[in-house]
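Below are the chains, spelled out letter by letter.
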Amino acid sequence: MMKFRFRRQGNDPQREKIKQDLFAFNKTVEHGFPNQPSALAYDPKLQLMAIGTKSGAIKVYGAPGVECTGLHKETATVTQIHFFPGQGRILSLLDDNTLHLWEIGQKEQCSHLEEVRSFMLPGRSGIESTSATRVTVLLPKLSCDLLAVGTEGGGVHFVELPSFTLLDRSIFQDEIMQSVPEEYKCGKSLGPVESLQEHPQHPDKILIGYSRGLVVLWDLQSRHADNVFLGKQQLESLVWVRSGNSFVSSHSDGGYMVWPVSSSNPCTHEPVTSTIPYGPFPCKAVNKILWRTTESGAPLVLFSGGMPRASYGDRHCLTILQDSQHVTLDFTSRVIDFFTIHCIDRDKEFDDPSALVVLLEEELVVIDLQTAGWPTIPAPYLAPLHSSAITCSYHISNVPTKLWDRVISAGQQQCPLQTHTNWPICGGKNLAPSPKQQELLLTGHEDGTVRFWDASGVSLRPLYKLSTANIFQTDCDHNDSLTQAGEEDWPPFRKVGCFDPYSDDPRLGIQKICLCKYSGKLVVAGTAGQVIVLYLCDDKSDHMIDVATVDLLQDREGFTWKGHDRLPPKSGSVLFAPGFQPVVLVQCMPPAAVTAVTLHAEWNLIAFGTSHGFGLFDYHRRSPVLARCTLHPNDSLAMEGPLSRVKSLKKSLRQSFRRIRKSRVSGKKRVMVSSPSSKVQEANAQLAEQDAEVTPVQRRIEPRSADDSLSGVVRCLCFADTFLRDGTHHGPTMWAGTNSGCVYAYALDVPSQDKFSEQSVEALLGKEIQLMHRAPVVSIAVLDGRGNPLPEPYEVSRDLAKAPDMQGSHSVLIASEEQFKVFMLPKVSAKTKFKLTAHEGCRVRKVALVNFSSVASEDYSENGLVCLTNLGDIHVFSIPALRPQVRYDCIRKEDISGIASCVFTKTGQGFYLISPSEYERFSLSARVITKPLCQVDVDRPHDPSEVSFCTTVPHQANGTHKTQPARESKSVGDAEGVFEEISPLSSSALDSPNSSADITLDTTGELTVEDVKDFLVTVDEAENNLRNMTEEDGRPPGIIIN
């Protein structure tokens, strides 16, 4: 009956139009630093930078907000990328030896990155070895019409651009050897081509460097070697001096050499100078060197590597030398590549570099070369989110201007500018309109820090960093002093960058965050049971922190904590900088990780929960109000803590196997019932029966046992002003939900504002609800008489939101892992429910109440319940009726960390981690979309062989997503799991590896009809879908530029 009502409501054309105006799924932009970067390039004319990754992505960056992303069809590492200066073309080389040409094009008046053609160097006739044609180095000539390709076999080939036509002008080693003296040959091969460099004054001449050390200046017109330089050390890289009268080579012994170029001396045996900067002991190779001339006189020499092997061989360094100035930049991750931003006008005599850009494995660092001391230029994007591992996140929409300005001011005082130089990579134009509201994204980290990010636009900009480690006694200060005392003056190291993967103490890790945006009060909870209340202050302060201990076990016998100890707080006063300053430290005992926390600033109350119970604390009076133990007698696992669960591994495995055996036995006893009216279901059932190894069983949801370990974990907490005692008097309440499906509701007696200091808060247990299916409670929310969520603290008292309806009866929405249920208050009588696990075969992981605004009208909006499941799909339900609205595939079900890290915003957007250093941003709202809208003006000649651009879905550079068909929207009201743009009867849609119909078998090895239910549709529904497809054929699909 309920399913029929959903289908009828879904077929209403008027309702379908409203849903189209409210809901639309888009993956919009990737925030953070690209995961596993592998290549770097820069276009000095367009002032754009490109980064290639090991997953085959190319990301182009310009001015803040200017971003384009392309993804190779092959999942292969990008080993090299090169710009064609000014043309908006990019050449990429993958580790599968293929070359790809990309172009920045225009679509809907916005720029995007598109691959236009690819090429692979053919093998040389008579040579079977593929290594002979494996590409080692590329040199696109500045004229952009010719590409020189160096190979592992020592040959140099030439390809016409942009057509990728191989020319019959290859240079092989036997030609080169004719110009080499006999004593240098020694019967040895010259090795692979290590470097190709175009002559800065004569474009028809190129410098060819071989691994053995030989360097040849080759004239392309006469096909003759003008000069030969007989290097004896293994070659790593080459660079021209701007005048073209000399060049510099770097070598594997940690040194570099300056070679003169003279027409009078065709064969040079020795360089002018040979230097090993960190010798005389054995040094590591100088991987790359740059030589930049300056108007002040002394050249600027920059090189990576070259450190003494024995003492500093494990350091990741880049050295800057100029006259007597010598700085060794010491990074915490490997140097991938680097370039300088300098004068490219050929009429100018000097390079005069202004900035150094260094791409590291975990961050991007830019050095100001024009300011004394060579300070770092702060980056407006590409911030390393994972400078310490992210442990939690929290989003605040519509941040008040007062709070916004105070946070920015605190961040500026925390990190004063060392340079006033503007960000040098500033190409393109950001066409995105200014954000209508400010948004904050807070990330908690393993080292005890909370970082504040500007999430209002495309670029995720760092604003402020809060550290909680300074209020505890840790070993970090002692270790820092030892390190500084043992550091020598040579080499002149300077720590650069903020990536620091090491935590001084794992107990410092942040688990939960809650911020009141109106009062500036923040609650941060950690791994060792620490709950810290902080106030936002504009001035520095030196004060003591009040410490309170709350015993959550309540003297219950038979439980002994076997986990980590609490973090000892510092005694005495502590100096705090402007910003968020701790005032109260509440220590939960036992010191288990905090699993839930919430704050009500108007009532001066915080609630917190662990695996042992929950507590209520009055931070104004510094006194505990309530402590409740939720442990079950069999919750032994809860007493071991997250850092010492090795002992319970055997027990967990044993219980898992018992559950699997039990489910298989009980499942085989069930009788399958199929509907003969559905031809598609019959076909799918027969298809499933053909596999002898797969036994189809009907999904069965069994009540969970109260004996399950960790049943006492507190999953969610909330405050609400509602009716709990009776239907006429409303008042403050606190709600708590546990892993065993138990909900506790407390009535609170909160004194008025003027009596906070005199009277204490009292709590009385009003209701205790036990869900029959005992599934973990994920979320609790109270709805007013109109079915709307209650406003946040201070919103009504400060006239920032409409007052809730206190005349009609309130209700409470309880979301468990298996179902959603609405109870009427105060009687707690069930009103409506939706069994998600029984219908969809998935479990709830994240839940949020979201306000969706209509595209058609600014005045129309609906509140919805957004749910992310363990399969990575997102469902939207109406509230309080709990009618399914839409369903979207968002995250791969195998991406457990991505699902666990997801956070929703109140306006219909969301974030989840696609790698340790990147957030994927997505939107469920048709109105609220944050995506790159940019334009890059390029000047390139017309390519007659250019293929027309095809409309594609936006590239996601991570590969953890589920591919979205264009305009994909699944209306659950029409049919559960219907794909609107993929024919349900088409086998190609299921066979395609890029299909959204992800039917990967579950790891248990059993495929049930319920597992494929999302892909089963009736004939009527299929015809309806095909009709919808026909209607939408004329619509131009929306293009997302990213």
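Residues numbered from 1 in each chain as written. Predicted model: local features only at pLDDT ≥ 70, side-chain atom pairs only at ≥ 80, totals over all residues. Heavy atoms only, no water.

Assigned secondary structure in the chain consists of 13 helices and 63 strands. Taking all 1042 residues of the chain together, 55% fall into the buried category. Expressed as a percentage of contacts within the chain between residues at least 6 apart in sequence, the contacts between residues at least 24 apart total 61%. (Helix = DSSP H or I, 4+ residues; strand = E, 2+ residues; numbered from the N terminus. Buried < 20%, exposed > 50% of the residue type's maximum accessible area, 1.4 Å probe, protein only. Contact = heavy atoms within 4.5 Å.)

Among the 7 residues in strand β23 (residues 286-292), 5 count as buried, and that is most of the element. The sheet contact formed by β23 and strand β24 (residues 300-305) spans 6 bridges and is antiparallel. Paired with Ile-289 across the strands is Phe-303, a residue of β24. (Pairing = 2+ DSSP bridges.)

Okay, the nonpolar core next. Among the nonpolar cores identified, the biggest contains 35 residues, and Ile-320, Leu-329, Phe-331 and Leu-356 are the most heavily contacted of them. Elements that contribute at least two residues to this core include exactly β20 (256-260), β23, β24, β25 (316-322), β26 (325-331), β27 (335-341), β28 (355-360) and β29 (364-368). Residues in contact with Leu-329, not counting those within four places in the same chain, are His-316, Cys-317, Leu-318, Ile-320, Leu-356, Ile-367, Arg-494 and Val-496. By size, the runner-up hydrophobic cluster in this structure holds 34 residues, among which are Trp-404, Ala-410, Leu-442 and Tyr-464. (Core = buried A, V, L, I, M, F, W, Y, C linked by side-chain atoms within 4.5 Å.)

Bringing the packing of aromatic side chains into the picture now. Counted according to the given criterion, the structure contains 27 aromatic pairs. Ring centres of Phe-229 and Trp-259 lie 6.1 Å apart, and the angle between their planes is 70°; this geometry places the pair in the edge-to-face category. Here Phe-229 is found in strand β17 (residues 224-230), whereas its partner Trp-259 is found in strand β20, with 30 residues between them in sequence. Pair check on accessibility: Phe-229 and Trp-259 agree, each one buried. Ring centres of Phe-614 and Tyr-744 lie 5.5 Å apart, and the angle between their planes is 50°; on these two criteria the pair is classed as tilted. With Phe-614 in strand β45 (residues 613-618) and Tyr-744 in strand β49 (residues 742-749), this pair connects stretches of sequence that are 130 residues apart. The pair formed by Phe-614 and Tyr-744 is uniform in burial state, with each residue classed as buried. (Phe/Tyr/Trp six-rings, centres within 6.5 Å; stacked < 30°, edge-to-face > 60°.)

For the rest of this paragraph, the subject is the sheet that holds strand β53 (residues 819-824). Spatially, β51-β52-β53-β54 is the arrangement adopted by the 4 strands of the open sheet, whose pairing is antiparallel. The strands lining the two open edges of the sheet, one partner per strand, are β51 (777-783) and β54 (829-835). Neighbour-to-neighbour, the strand axes of the sheet open up by a mean angle of 15°, direction not taken into account. Judged from the 6 bridges that link them, β53 and β54 form a sheet pairing that is antiparallel. Directly across from Met-824, in β54, lies its bridge partner Ser-829. (Axes fitted to C-alpha atoms, helices over the stretch in contact; angles between N-to-C directions.)

Evaluation of the coordinates by the stated rule reveals 32 salt bridges. Residues Arg-15 and Glu-862 are paired through a salt bridge, measuring 2.7 Å at the closest nitrogen-oxygen approach. Of the two residues, Arg-15 is situated in helix α2 (residues 13-22) and Glu-862 in strand β56 (residues 861-869); the sequence distance between them amounts to 847 residues. Each member of the pair, Arg-15 as well as Glu-862, is classed as buried. With its nearest N and O atoms 3.1 Å apart, the salt bridge here joins Asp-538 to Arg-406. In this pair, Asp-538 is assigned in the loop between β38 (530-537) and β39 (541-543) and Arg-406 in helix α6 (residues 401-414), connecting sequence segments 132 residues apart. For Arg-406, a relative accessible area of 21% corresponds to the partly exposed category. Because the salt bridges share partners, they merge into one network encompassing Glu-30, Lys-59 and Glu-918. (Salt bridge = Lys/Arg side-chain N within 4 Å of Asp/Glu carboxyl O.)

Going from Met-589 to Pro-590, the amide bond is cis rather than trans, its omega being 0°. Relative to the helices and strands, Pro-590 resides in the loop between β42 (579-589) and β43 (596-600). Across the junction of Leu-825 and Pro-826, the peptide omega takes the value 5°, indicating a cis bond. Locating Pro-826 in the fold gives a position in the loop between β53 and β54. The residue Leu-382 is not glycine, and still its phi comes out positive at about 60°. Of note, Leu-382 is situated in the loop between β29 and β30 (390-396). Take Leu-382: its relative accessible area is 4%, and that puts it in the buried class. Even without glycine at this site, Asn-398 takes up a positive phi of about 50°.

Let's shift gears to the sheet that holds strand β15 (residues 205-210). Strand order across the open sheet formed by 5 strands is β14-β15-β16-β17-β21, with mixed pairing between neighbours. Of all the strands in the sheet, just β14 (193-198) and β21 (267-268) have a single pairing partner and so form its edges. With 2 bridges connecting them, β17 and β21 associate as parallel partners. Bridge pairing in β21 links Val-228 to Cys-267.

Looking at the chain as a whole, its pLDDT mean stands at 84, while 80% of the residues score no less than 70. Confidence drops under pLDDT 50 across residues 946-955; counting only partners more than four residues distant or on other chains, this segment forms 27 contacts. Note that residues 958-1042 has pLDDT below 50 and, in this model, 172 contacts with residues that lie over four places away or in other chains. (pLDDT = per-residue confidence, 0-100.)

To continue, consider α6. The end-to-end C-alpha separation of α6 is 20 Å, in line with the 20 Å expected for 14 residues at 1.5 Å each. Those residues of α6 not exposed but buried are Leu-403, Trp-404, Val-407, Ile-408, Ala-410 and Gly-411. Along the long axis of α6, the arc covered by the buried residues comes to 160°, so they all point the same way. Opposite its buried face, α6 presents the exposed residues Thr-401, Lys-402 and Gln-412, each directed more than 90 degrees away. Contact partners of the buried residues in α6: β32 (440-445), β33 (449-454), β34 (461-467), β36 (510-516), β38 and β42. (Expected span 1.5 Å × (residues − 1). Arc of directions from axis to C-beta.)

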